[in-house]
Amino acid sequence: MWRLQSEELNLWIYNHTHTDTQTLNAKYHWQSQNVKQSGVDDMVLLSKITEDAIVDNLKKRYMDDYIFTYIGPVLISINPFKQMPYFTDREVELYQGAAQYENPPHIYALSDYMYRNMMIDAENQCVIISGESGAGKTVAAKYIMGYISKVSGGGSKVQHVKDIILQSNPLLEAFGNAKTVRNNNSSRFGKYFEIQFSRGGEPDGGKISNFLLEKSRVVNQNENERNFHIYYQMIEGANTQQKQDLGIMTPDYYYYLNQSGTYKVDGTNDSKDFQETMEAMQVIGIPGDIQAQVLQIVAGILHLGNISFIEAGNYGQVESTDLLAFPAYLLGIDPNRLQDKLISRKWDGKGESIKVTLNQEQATYTRDALAKALYARLFDYLVEAVNKAIQKPCEEFSTGVLDIYGFEIFQEEYVQEGIKWTPIEYFNNKIVCDLIENKLNPPGIMSVLDDVCATMHAKGEGADGTLLQKLQAAVGTHEHFNSWNYGFVVHHYAGKVSYDIKGFCERNRDVLFPDLIELMQSSEYHFICSLFPEKLNTDKKSRPTTASSKIKKQANDLVSTLMKCTPHYIRCIKPNETKRPKDWEESRGRHQVEYLGLRENIRVRRAGFAYRRPFNKFLMRYAILTAETWPCWRGPEQQGVLHLLRSVNMDTDQYQMGRNKVFVKNPESLFLLEEMRERKFDTFARIIQKSWRRCIARKKYEQMREEASDILYNSKERRRNSINRNFVGDYLGLEQRPELRQFLAKRERIDFADSVNKFDRRFKSIKRDLILTPKGIYLIGLEKVKKGPEKGQIKEVLKRKLEFGSISGVSLSTRQDDFFILHEAQYDSLLESNFKTEFLSLLAKRYEDINKRKLTISFTDRLEFRVKKEGWGGGGSRMVVFLRGQGDLAQIKPGGKTLTITVGDGLPKSSRHQNGAAKFSRAPQSQPSEITYSAPNKHGRPPSTAPPKLGSQRAPRVPVHNQNNQGNMDFLNVPDQGMSGKQRKRSISQRPPPAPKPQLRPQGPRCRAIYQYIGQDTDEISFDVNEVFDLVKEDSSGWWTGRHQGREGLFPGNYVEKI
Ligand SMILES: Nc1ncnc2c1ncn2[C@@H]1O[C@H](COP(=O)(O)OP(=O)(O)OP(=O)(O)O)[C@@H](O)[C@H]1O
Ligand SMILES: [Mg+2]
């Protein structure tokens, strides 16, 4: 045993936690969520760890309606006796994937942590829920199941498993729970429920183990308590036919129900619950005829209980033989045989079998034994039915929930691992465990009990007295044992418990007399026979099993199951015995704080290492943090762990390396690791998100291009380099052009924007900025201000706005030129644009959206063009005639009222975009037709952030915002990276392969920056205007490689001039 070195410990705690408490509060508190603070969330942060401080903190929080509090990873839950508002879908969402410290303490946080741990570490998890009767264990278990069911995915099969898992609760509660004085829905059996998962985290199976059903409740109950719920449910809820078939009367008619005089429970609707129980049986897949027989057994037991016995000359006799018929009928057995087996027993002695007649007390005992056996076996059947419905052929991962008392012992682990720490005294329950279950030296209580039972004969008279004597001899001097007149006292962890010795041996024998087994095997109902599968004639005569040996085995099995899992703990606290909300009974609270060992919990957490993990698990969990550990560390595991700890600069006093495990001291150190890990995940998630968006965008563009081609397909020849061109929408960069945006509404979306040539009545061309939005088409020109203070300045003017309603159509030639005429009610506009196909397809879509009819697009080589009426003159129309000529460049020849345009043959009208060709290329590189008509530089200004011209002649035609989308594509908008960033992204797939490692050259080609460029990614360089640097490589994609200030990286070639 460790001894408490209190002075040293206090000093240590003061030094190590006093300041930490402050920083932790500030740093990790979730106040950011505007949740009112009450006490401390994690009692490891209490400045004083006294029982008073703990009780005060819990009380304060409870009164403020915070039922959950942590001690490190242990969750304390106080029964609120009212529905708290924080169990909605909102909380399910809030706690999903969140770190413990991000949100207020909650059972969902623990559930989520378990679930994630299971998935990430590929390790089974279990949660041990402890606390006294009525403290809220079962409710907690249900919240865990509900949470897991909500956050885990799955199709219809998984949904079926989820349904069964959730429905098993009302079913097993109906048969296994009862009203007691302490809890109106007290679980009278222990339960370990495993939810099993697929590798993908879907709950696709499960397993329930049940322990120690309180069978005695079937035959008698204390005052103010009830039998199992199912009895009252059936009596209240059965329909008339069922009532008749089952002989249902009022509950006071039945001896097994009327001993306590309590039939109703506040807030419970037995009739409604009955429907739910039957529904649960249905969901679980119990066939209808078996459901009926389940009820027959339940009713049969009630009627069996009404058979009473009288003493007739030392023998027991059935008081009223009339009462035999109905239970016999319900159980499908012969009433005479039933009577016979209740009042006599076969006794196998020395080779021959004798019939022993029972007295009244023994007959009553036999009746009750039969009732209990029937009920217990029925209960086991129901558990098995649930298990069958959700069993998996092979188990993968599981999360188990134990609704029973539990202890956490981890001091031994420190010793095993050779960890230096300040030991703290705590109550080691082993001493009591040994008292109860030691096999020898001295034998424990259970061993003595089994020995006495083995030598007991048929009637077992006097056995209890012998037991008490033997116990005194064996453990009488044990400091946790006392005896008293009627039994003995054990000093358990939580306090002293007195045991009445009467009936101990008989109960422990737990053998069902072969007579009763035979009797039930004679039932005409196969189902009832199947509950008694013993093979009586062949069974070896070995020492019969006893209740205590069964319990020991069950408990040992359970412990070995739990040992294979990563454990989590919930300690439930019952604040009062009144079952009222906001009622804190100080002494009860304090008592539980004491016996649940909360103070020791906190101290051990603080002094010791809160977090411990085998090296390999640690490496797996945090592998993502460094390149050396991802995807796996090559080298000794311990070194890998150290490497990770150093990579996050963890203070060396914050961890210790054990033999196989790493121990991390304070929660905040762990938070640091977790936070880094989350951040990494976040970064990677963003990268994936980005490329996904890019991929979606590309698909969208491809689709648009296809659609656009459809417009011209078979109607117009195509230009060679337009056919595989990508659509980018905004070629003007409106984001940075407030002078153009001024004509649009604030959030007006840009479908398309480009500089076009507009032809007047005399076929003189002039530049216009054409903008297409969902509201219409804008044509913006530049004019010299004639009056006012800005006189003489060149300003943008909205020359024309065309509403979709007034557009009557568009006409184009059949040749490869870029001309088109927008026909409008008043007059037409003859325009020329390199991106006419893109513009047309977008216009056609918007037009159709608004006018609910298709835009008329006509193709002919004689186009009529109605001109604007101006003053007295003007009006009328012009002709545009297209002729076959030479070359790809259109030659224009105005002549009177006719414009003649000559151009060579383009690609055939049936040309289509070739899939896979030139995907996502940069903005078109030198295109002859553009050279002819485009202004050399947009409005004579070099853009401040936009990349300048690619070739020597053409203006920048780069997208600023890819808003050429249909429908809502807002998700495409990533944070603005400036024009170059966007352009670069489009061309990312065309980047040159990474340049070879730079070689030292005395003097290679150099270049001078004409514009400033800020690198948008880690493989790019940045430079200022006029800076001169090495040009390592030119590439046709436009992304050149340069070396600037010792760094080599990519940059857009058109930002520099070679020198
Ligand atoms: N979180 C909660 N919110 C609201 N009510 C609760 C909560 N926990 C418990 N209760 C109330 O307390 C009652 C008792 O809780 P529960 O049955 O879970 O106790 P238990 O610890 O399982 O007790 P036993 O050991 O007797 O089975 C519930 O029926 C419910 O009325
Ligand atoms: Mg319970």
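Residues numbered from 1 in each chain as written. Chains lettered and ligands numbered in written order. Predicted model: local features only at pLDDT ≥ 70, side-chain atom pairs only at ≥ 80, totals over all residues. Heavy atoms only, no water.

For the protein chain, the name recorded in an unreviewed UniProt entry is Osteoclast-stimulating factor 1, with Dissostichus mawsoni as its organism. Listed under Sequence similarities (unreviewed entry) in UniProt, the entry text for the protein chain is "Belongs to the TRAFAC class myosin-kinesin ATPase superfamily. Myosin family." Looking at the Function (unreviewed entry) heading of the UniProt record, one finds this comment for the protein chain: "Induces bone resorption, acting probably through a signaling cascade which results in the secretion of factor(s) enhancing osteoclast formation and activity." (UniProt positions renumbered as here; feature names shortened; annotations may be inferred.)

> An account of the overall build of the protein chain is requested, with residue identities and associated values reported.
If you tally the helices and strands in the protein chain, you get 32 helices and 38 strands. Within the span of the protein chain, comprising 1059 residues, buried residues form 52% of the whole. Pairs at least 24 apart in sequence give 66% of the contacts found in the protein chain among residues at least 6 apart. Total accessible area on the protein chain stands at roughly 49400 Å², and carbon and sulfur atoms take up 51% of it. (Helix = DSSP H or I, 4+ residues; strand = E, 2+ residues; numbered from the N terminus. Buried < 20%, exposed > 50% of the residue type's maximum accessible area, 1.4 Å probe, protein only. Contact = heavy atoms within 4.5 Å. Areas by Shrake-Rupley, 256 points an atom, 1.4 Å probe, with all protein chains shown as cover.)

> How would you summarise the site of ligand 1 if you had to cite specific residues and measurements?
Looking at ligand 1, there are 18 residues lining it, with Asn-79, Ser-133, Lys-137, Thr-138 and Ser-186 nearest. One of the side-chain nitrogen or oxygen atoms of Asn-79 is found 2.7 Å away from an oxygen atom of ligand 1. The residue makeup of the shell around ligand 1, split by class, is six nonpolar, nine polar and three charged. (Near = heavy atom within 4 Å. Polar contact = N/O pair within 3.5 Å; in protein donor to acceptor, adjacent residues only side chain to side chain. Nonpolar A, V, L, I, M, F, W, Y, C, P; charged D, E, K, R; others polar.)

> I'd like a rundown of the sheet that holds strand β17 (residues 611-614), residues and numbers included.
Read across the sheet, three strands follow the order β17-β19-β18 without closing on themselves; strand pairing throughout is antiparallel. The sheet terminates laterally at β17 and β18 (655-657), the two strands that pair on one side only. The sheet shows a mean angle of 15° between the axes of neighbouring strands, taken without regard to direction. Pairing between β17 and strand β19 (residues 661-664): four bridges, direction antiparallel. Looking across to β19, one finds that Arg-613 is bridged to Val-662. (Pairing = 2+ DSSP bridges. Axes fitted to C-alpha atoms, helices over the stretch in contact; angles between N-to-C directions.)

> Let's hear about the packing of helix α4 (residues 107-121) against helix α26 (residues 615-622): which residues, and what values?
At their nearest, the axes of α4 and α26 sit 10 Å apart, and the two run at 100° to each other. By the angle class used here, α4 and α26 are roughly perpendicular. For the pair formed by α4 and α26, the contact residues are Asn-117, Ile-120 and Asp-121 on the first element and Lys-617, Met-620 and Arg-621 on the second. Among the residues forming the contact of α4 with α26, the class breakdown is two nonpolar, one polar and three charged. (Parallel < 35°, antiparallel > 145°, perpendicular 65-115°, else oblique.)

> A description of the pattern of salt bridges should follow, citing residues and the corresponding values.
By the definition in use, this model includes 52 salt bridges. Two residues, Arg-590 and Glu-586, come together in a salt bridge whose shortest N-O distance is 3.5 Å. With Arg-590 and Glu-586 both in helix α24 (residues 586-595), this residue pair falls four residues apart, about one helical turn. By sharing partners, the salt bridges in this structure join Glu-132, Arg-182, Lys-574, Glu-577 and Arg-588 into a single network. (Salt bridge = Lys/Arg side-chain N within 4 Å of Asp/Glu carboxyl O.)

> Describe the coordination of the magnesium ion (ligand 2), with residues and values.
In the first shell of the magnesium ion (ligand 2), the protein supplies Thr-138 (OG1) and Ser-187 (OG), at 1.9 to 2.0 Å from the metal. Residue Thr-138 is located in helix α5 (residues 137-151), and its partner Ser-187 is located in strand β5 (residues 186-187); the two are separated by 49 residues in the primary sequence. You can call Thr-138 buried: its relative accessible area is 12%. (Donors = N, O, S within 2.8 Å, 3.2 Å for Na, K, Ca; no water.)

> Describe in detail α26, supporting the description with residues and values.
Counting buried positions over the eight residues of α26 gives six, a clear majority of the element. By the burial criterion, the buried members of α26 are Phe-615, Lys-617, Phe-618, Leu-619, Arg-621 and Tyr-622.

> Describe the confidence of the model for the protein chain, with residues and values.
Low-pLDDT stretches of the model should not have their predicted coordinates read in fine detail. When pLDDT is averaged along the protein chain, the result is 81; 81% of the residues meet or exceed 70. Residue range residues 1-33 is modelled with pLDDT below 50. Its contacts to residues more than four positions away, or to other chains, number 55 contacts. Note that residues 405-410 has pLDDT below 50 and, in this model, 22 contacts with residues that lie over four places away or in other chains. (pLDDT = per-residue confidence, 0-100.)

> Any details on unusual backbone geometry? Residues and values, ideally.
Most peptide bonds are trans, and most residues other than glycine sit at a negative phi. In the segment running from Trp-630 into Pro-631, the intervening peptide bond is cis, with an omega of -5°. Backbone geometry places Asn-224, a non-glycine residue, at a positive phi of 65°.

> Before we move on, can you summarise the nonpolar core with the specific residues and values?
Of all hydrophobic cores here, the largest spans 110 residues; its most connected members are Phe-175, Tyr-231 and Leu-338. Per-element tally for this core: the top contributor is helix α15 (residues 360-390), with 15 residues. For Leu-338, the residues in contact, after removing those within four places along its chain, are Leu-304, Ile-307, Leu-324, Ala-328, Ile-333, Leu-370 and Leu-519. In terms of nonpolar packing, the next biggest core, distinct from the first, is built from 30 residues, Val-74, Tyr-192, Cys-565 and Leu-598 among them. (Core = buried A, V, L, I, M, F, W, Y, C linked by side-chain atoms within 4.5 Å.)

> So what's going on with the packing of aromatic side chains? Residues and values would help.
Per the stated rule, a full pass over the model turns up 31 aromatic pairs. Centre to centre, the rings of Trp-1040 and Phe-1051 are 6.3 Å apart; their planes meet at 75°, and the pair counts as edge-to-face. With Trp-1040 in strand β36 (residues 1039-1044) and Phe-1051 in strand β37 (residues 1047-1052), this residue pair connects regions lying eleven residues apart in the sequence. For Phe-1051, a relative accessible area of 0% gives the class buried. Taken together, the aromatic side chains of Phe-68, Tyr-86, Phe-87, Tyr-108, Tyr-143 and Tyr-147 make up a single cluster linked through ring pairs. Taking the ring centre of Tyr-232 as reference, the NZ or CZ of Arg-226 above it sits at 3.9 Å. One Lys or Arg, Arg-800, reaches over the ring of Tyr-827 and ends 3.6 Å from the middle of that ring. (Phe/Tyr/Trp six-rings, centres within 6.5 Å; stacked < 30°, edge-to-face > 60°. Lys NZ or Arg CZ within 6 Å of the ring centre and 35° of its normal.)

> Residue-level account of the side chain of Gln-221, with values.
Relative to the assigned elements, Gln-221 resides in the loop between α7 (216-219) and α8 (229-237). Given a relative accessible area of 6%, Gln-221 falls into the buried group. Polar contacts involving the side chain of Gln-221 include one to the main-chain carbonyl oxygen of Arg-217, which spans 2.9 Å. Here Tyr-256 takes part through its backbone oxygen, which lies 2.9 Å from a polar atom of the side chain of Gln-221.

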